[in-house]
Amino acid sequence: MTDVVLVGCYTAEMGGKGAGLATFRRDSAGALTWESTLALRSPSWLVKHPVLPVLYTTNEHDDGAVSSVSLVDGEPSVLDEEVPSGGAHPCHLAVTPDGRFLLCANYTGGSLAVFGLSAEGRITGRTDLVQHSGTGPNEARQESAHVHMAVPNADGSVVSAVDLGTDEIRSYSLSADGKLSPLAVSALPPGSGPRQLVRFPGTDLAYVACELSSELLTVRETAPGAFEVVAATPATHAPFEGENIVAHLELHGSGAYLSNRGADVVTAFAGSPLTATADQPSGRHPRHFAIAEGTCYVAAQSDDAITAFPLDRLGEAEVVKYPTGSPSFVLPLDL
């Protein structure tokens, strides 16, 4: 059973109320109890090493950095603190399947960084940094490149960078020494503001969460790292007027779930292509969420709380809140 939930947050330098990386214990009924907090600056995105008890965090602030954290004995402790990420406001991390490289998307910096990892999971240094350029039609949000996510393929040989600022997915070949080489550029609908890309395992399909157009795109990978749009659907089940600000996408079972920070809901999707089936209220500004044993845990940033609800009653479930300052990321783990 999942026995801990780690929570990243925004701290004071980003206008947040959090204190760092919080550890909550999870009981057999899915309830959370705060246990401890490790002081880190704005650990807004978390990712665990594929096999080692090591966690990586962004330090999302003006200078931009990444840190590594030991999870030995279930007690988080800092290993490598604030290694410069190469750009401002890093917002996403991924580890290649072989555990050799850490990928970092620098949002405001508009760049993609690669870091080498040792056999023990320590950050050994940056091996490459590629800078994006360009704009989009939304002058307020697309004034420059904004790399929002870095996605390795199943064997780690291709890395796809989702750029909200230029409405593109830029893919690169990743060499054995951690160098990136341009592979493909896929244009998405102007003004869509792509935020996240998630491949559907075992198929050539993937899904793109579009923050600015409030849509979920179905795309097909026509060649390694090259994508074409095959369908688009609204990001919520009930029509929503105003700025919705799509956030996080998770595939689960045969469907998907998407958080919406304008409508303040997590929306369920099913079918092929995916279409919305239900909206679940989830607290104010639901940023990231994760599903563990039938319960959805949501980082409701503006409520200063993790919210939780059962998936089997989506759309009408009662929401439970667990206070924590400015949460941005939820990671259930077995430790």
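Notes on the structure in this doc start here. Not measured: the values here are computed from a predicted model.

## Looking at the sheet that holds strand β6 (residues 65–70)
- Spatially, four strands are ordered β4-β5-β6-β7 in an open sheet, and the strand pairing comes out antiparallel. Since the sheet does not close on itself, it has two edges, and those belong to β4 (46–48) and β7 (77–84), each with one partner. Strand-to-strand twist across the sheet, computed as the mean angle between neighbouring axes with direction ignored, equals 20°.
- Where β6 and β7 come together, five bridges link them in antiparallel fashion. Residue Val69 lies in a different strand from β7, and its bridge partner there is Val78.

## Remarks on the nonpolar core
- Judged by nonpolar contacts, the single largest core of 26 residues is most densely connected at Tyr56 and Leu102.
- Elements represented by at least two residues in this core include exactly β1 (4–9), β4, β5 (54–59), β6, β8 (90–95), β9 (101–106), β10 (111–117) and β28 (327–333).
- Apart from residues no more than four positions distant in its own chain, Tyr56 is found in contact with Trp45, Leu46, Val47, His49, Ser67, Ser68, Leu93, Val95, Leu102, Leu117, Gly121 and Ile123.
- Counting residues in hydrophobic clusters, the runner-up holds 14 residues, among them Leu103, Val159, Tyr172 and Leu180.

## Quick notes on the pattern of salt bridges
- Per the stated rule, a full pass over the model turns up 13 salt bridges.
- Between Arg26 and Glu293 there is a salt bridge whose closest N-O contact spans 2.6 Å. Within this pair, whereas Arg26 is found in strand β2 (residues 20–26), its partner Glu293 is found in the loop between β24 (286–292) and β25 (295–300), the two being separated by 267 residues in sequence.
- Here Asp303 ties to Arg284 by a salt bridge, and the two come within 2.7 Å at their closest N and O atoms. Of this pair, Asp303 sits in the loop between β25 and β26 (305–310) while Arg284 is found in the loop between β23 (275–281) and β24, placing the two residues 19 residues apart along the sequence.
- You can call Arg284 partly exposed: its relative accessible area is 45%.
- One network of salt bridges, with partners in common, ties together Arg141, Arg195, Glu211 and Arg261.

## Quick word on the sheet that holds β2
- Judged by pairing direction, the sheet is antiparallel, and its four strands sit side by side in the order β3-β2-β1-β28 without closing on themselves. For this open sheet the edge positions go to β3 (32–39) and β28, each flanked by a neighbour on one side alone. Averaged over all adjacent pairs, the angle separating strand axes in this sheet is 25°, with direction ignored.
- With four bridges joining them, β1 and β2 adopt antiparallel strand pairing. Each bridged residue has a counterpart across the sheet, and for Val4 the counterpart in β2 is Arg25.

## A look at the layout of surface pockets
- Approximately 980 Å³ is the volume attributed to the largest pocket.
- Lining of the largest pocket is provided by 32 residues; of these, Val47, His92, Ala94, Met149 and Glu250 occupy positions nearest its centre.
- Counting residues per element, the ones that place at least two in the lining of the largest pocket are β4, β8, β12 (147–152), β16 (194–199), β20 (246–252), β24 and β28.
- Tallied by class, the residues present in the lining of the largest pocket amount to 23 nonpolar, six polar and three charged.
- There is about 200 Å³ of room inside the second largest pocket.
- Lining the second largest pocket are 13 residues, with Tyr10, Glu60, Tyr107, His148 and Arg287 sitting closest to its centre.
- Within the lining of the second largest pocket, the residues separate by chemical class into four nonpolar, three polar and six charged.

Each value, and the rule that gives it
In every chain, residue numbers begin from 1 and rise along the written sequence. Two thresholds apply to this predicted model, a pLDDT of at least 70 for residue-level local features and 80 or more for giving and counting side-chain atom pairs, whereas whole-chain, interface and lining totals are computed over all residues. With hydrogens and water stripped out, all remaining heavy atoms of the structure feed into the side-chain values. Only when DSSP finds a minimum of two bridges between them are two strands counted as paired. The way it works is that DSSP assigns letters per residue, a run of H or I at least four long becomes a helix, a run of E at least two long becomes a strand, and they are numbered from the N terminus. Axis definition: a line fitted to C-alpha atoms, limited for helices to the stretch in contact. Angles are taken between N-to-C directions and run from 0 to 180 degrees. Residues enter a nonpolar core if they are buried and are Ala, Val, Leu, Ile, Met, Phe, Trp, Tyr or Cys, with the set joined through side-chain atoms within 4.5 Å. To sort residues, take the accessible area from a 1.4 Å probe on protein chains only and compare it with the maximum for the residue type: under 20% means buried, over 50% means exposed, and anything in between is partly exposed. Whether two residues are in contact is decided by their heavy atoms: any pair within 4.5 Å suffices. One speaks of a salt bridge when a side-chain nitrogen belonging to Lys or Arg is within 4 Å of a carboxyl oxygen belonging to Asp or Glu. Every definition here rests on a 1 Å grid over the protein atoms only: cavities are sets of points where a 1.4 Å probe fits but cannot get out, pockets are open sets enclosed by protein on both sides within 12 Å along at least five of seven lines, and lining residues have some atom within 4 Å of a point. Grid points are joined across faces, edges and corners, and a volume is the space filled by probe spheres set on the points. Amino acids are sorted into nonpolar (Ala, Val, Leu, Ile, Met, Phe, Trp, Tyr, Cys and Pro), charged (Asp, Glu, Lys and Arg) and polar (every other residue, Gly among them).

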